[in-house]
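Fold and geometry: a report
Letter by letter, the chains look like this.
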Amino acid sequence: MKYTILDCYTDEPAGLGVPPYLGTYPRYVAGYLGGDSAYVTIDDLRLWKKNNGIVHETRKSQKTDITTYNLTNNCKNIPQILSETETLIVVLGVHVPGKYLSAVPGTLNEVIPMIKDLKCKKILTGPAVFGTQLFGGRFFEKADLGIFDKIDYSMFNFLYKDVKEYSLKGASILKQIPDIRMIEIETGHGCDIGKCSFCTEPLKNRVEFREKEDVLNEIKEFYNLGARYFRLGKQTCFYTLPYAAELLEEINFHCPDIKVLHIDNVNPVKVVLDKKNDFAITKAIVKYCTSGNIAAFGVESFDLDVVKANTLNTPPSIAYEAIKILNEYGSERGSDGMPKFLPGVNIIFGLREESRKTHLENMKWLSRIYDEGLMLRRINIRQVAIFEGTSLFDEGKDKFLRKNKKYYWKWRNEIRQKIDWPMLQRVIPSGTVLTNCFAEIYDGNTTFCRQFGTYPIIVGVKGRLELKKFYDLEIIGHMLRSITGKVVVKRELVVDNPNYKIIPQNP
Ligand code: SF4
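These numbers were taken from a predicted model, which means no experiment stands behind them.

Ordered by their spatial adjacency, five strands build an open sheet running E3-E1-E5-E6-E7, and the pairing between neighbours is parallel. Two strands close off the open sheet at either side, each with one partner strand: strand E3 (38–41) and strand E7 (150–151). Relative to the sheet, helix H1 (residues 24–32) contacts strand E1 (3–11), E3, strand E5 (87–94) and strand E6 (121–125), its axis offset from that of E1 by approximately 155°. Contacts between helix H4 (residues 108–115) and the sheet are confined to E1, E5 and E6, with E5 contributing the most and set at about 165° to the helix.

A cluster of basic residues, Arg356, Lys399, Lys403, Lys406 and Lys410, forms a positive patch at the surface. The leading source of residues in the positive patch is helix H16 (residues 399–427), at four residues. Along the chain, the position of Lys403 falls in helix H16.

A few words on the packing of helix H11 (residues 280–288) against helix H13 (residues 316–330). Viewed as axis vectors pointing N to C, H11 and H13 meet at an angle of 40°, and their least axial separation amounts to 10 Å. With respect to H13, the element H11 is oriented oblique. For the pair H11 and H13, the crossing hand works out as right-handed. Together, Thr282, Lys283 and Val286 of H11 and Leu326, Tyr329 and Gly330 of H13 make up the contact between the two elements. Taken together, the residues of the contact of H11 with H13 break down into three nonpolar, two polar and one charged.

Next up on the list: H11. Taken residue by residue, H11 has Ile281, Thr282, Ala284, Ile285, Val286 and Tyr288 as its buried positions. Buried residues belonging to H11 abut helix H9 (244–254), strand E12 (260–263), helix H10 (268–273), strand E14 (293–300), H13 and strand E15 (341–349).

Under the definition given, this model contains 29 salt bridges. When salt bridges with common partners are traced through the structure, they connect Arg27, Arg210 and Glu218 into a single cluster.

Per-residue pLDDT for the chain averages 92, and the proportion of residues at 70 or more is 94%. Counted against residues more than four places away or in other chains, residues 495–507, with its pLDDT under 50, gives 30 contacts.

Right, let's get into the packing of aromatic side chains. Applying the stated criterion to the full structure yields 15 aromatic pairs. Arranged with centres 5.0 Å apart and planes meeting at 70°, the rings of Phe158 and Tyr166 form a pair that is edge-to-face. With relative accessibility at 12%, the residue Tyr166 sits in the buried group. Ring pairs connect the aromatic residues Tyr229, Phe438, Phe452 and Phe470, which therefore count as one cluster. Residue placement shows Arg426 over the ring face of Tyr370; its charged tip is 3.9 Å from the ring centre.

Omega for the peptide link from Pro19 to Pro20 comes to 10°, which places this bond in the cis form. Along the polypeptide, Pro20 turns up in the loop between E1 and strand E2 (21–22). Backbone geometry places Asn52, a non-glycine residue, at a positive phi of 55°. Secondary-structure assignment places Asn52 in the loop between helix H2 (42–51) and strand E4 (55–56). A positive phi angle is found at Thr311, which is not glycine, with a value near 40°. As for its placement among the helices and strands, Thr311 is situated in the loop between helix H12 (304–309) and H13.

Negative charge collects at one region of the surface, where Glu353, Glu388, Asp394 and Glu395 lie side by side. For Glu353, the position within the fold is in the loop between E15 and helix H14 (356–371).

Basis of the calculations
Residues numbered from 1 in each chain as written. Predicted model: local features only at pLDDT ≥ 70, side-chain atom pairs only at ≥ 80, totals over all residues. Heavy atoms only, no water. Pairing = 2+ DSSP bridges. Helix = DSSP H or I, 4+ residues; strand = E, 2+ residues; numbered from the N terminus. Contact = heavy atoms within 4.5 Å. Axes fitted to C-alpha atoms, helices over the stretch in contact; angles between N-to-C directions. Patch = residues over 30% accessible without salt bridge, like charges linked within 9 Å, V, L, I, M, F, W, Y side chains within 5 Å. Areas by Shrake-Rupley, 256 points an atom, 1.4 Å probe, with all protein chains shown as cover. Salt bridge = Lys/Arg side-chain N within 4 Å of Asp/Glu carboxyl O. Lys, Arg positive; Asp, Glu negative; His and termini not counted. Charge placed at Lys NZ, Arg CZ, Asp CG, Glu CD. Parallel < 35°, antiparallel > 145°, perpendicular 65-115°, else oblique. Left-handed = near helix turned anticlockwise from the far one by under 90°. Nonpolar A, V, L, I, M, F, W, Y, C, P; charged D, E, K, R; others polar. Buried < 20%, exposed > 50% of the residue type's maximum accessible area, 1.4 Å probe, protein only. pLDDT = per-residue confidence, 0-100. Phe/Tyr/Trp six-rings, centres within 6.5 Å; stacked < 30°, edge-to-face > 60°. Lys NZ or Arg CZ within 6 Å of the ring centre and 35° of its normal.

Structure below.
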């Protein structure tokens, strides 16, 4: 049987698979199928449909085409690969829509017309089996799934005793990807305390952790294949992992040359509870992970009425306490120019009982954090996406979104202007040198660069730097959510894709 995995990318509250991240789904599916499937991306398919597989140079007047940016080594052979495919497995699903610098996840409505005429069996898997939505503030995408022979829940959710084997075999798809990938590593799923009204995680998974040895072996497998950028990001709370500190120490021991090791979601309650162990997990993260690390706190709202009405897990006072603890241990600047380990805060608009008071409460707590000299690396604000099966869908739906939508721009803007902007100047002051920023895309005469990592800051640099090279950048200015810089050091060419040639265009 010839299998092809079509990666349309995934983004969930716990787990990112949008490039430069390589998500777990295509890897596990590849392992389940024996490890030698063809791996193609939605970008490969778009390039084939739009440009017959030819990559055009970006003209000075153009923005880099991020819909066809994440090509695999197979991008030239898509018609042949698809004609030989007997089963096509489509990995798709966005549950927490974000803005992506250099990728556009595929939607059902995009991919279905592209594959409907292929004469092969078609299987849909990934978070899309529970619905998908590329934009916040809406219901999940409705599409006719009749072209799929199967919507496969089992491939979406393998048992961890099987993941042990699949994750090792499936790591080999990395060989089909020419560019650097940040490897998203799963440590567990399910949520032990949360009943948040909007969240699909408790619907998808009961609480379970992978064995420490299995996680470590998967990281070693990727490390031996040349991967150097990792995020322990597929879990609802890193601190809940029974072996969090030991795992970091062992990764450090076995993979000494790792360039980036970061985490993602953290429940602030667990940071505070770690006091019982003299903050052993926080200390291990600071010691063994690389700098620029962020604990993403799903605070969602600092309004206690919203917290109660949506059974959120963190009251504002606990969030504040956890933010203080991470600042105490993690705010020292690390070798890449960023503070070692800072909190990030997620805020969601459109939850039950949201009112103007909610914004005032958000501003009150965020201002307190700023006024007390604490640092937040980033504040992520999004409108809730409403999925069937959640308690928000059953009760309230988009009532508050509709009621307050007219205020969202103003509320968001006030947070950006009054908190984000001065906070960014505190976290990354002018004159800071951020090392190893990767030049990703052009927009006119500006090159946008980022470090690899969890929620890395975007740095705009005047002029068109050679893409896919690393630069050390001195920070010279601050926008609301990004910064500007100038090149201090240009590093060696690290990515060269021999599988496609860029065709120059006439200016
Ligand atoms: S804490 Fe809430 S948002 Fe986070 S995973 Fe649990 S239920 Fe979902």
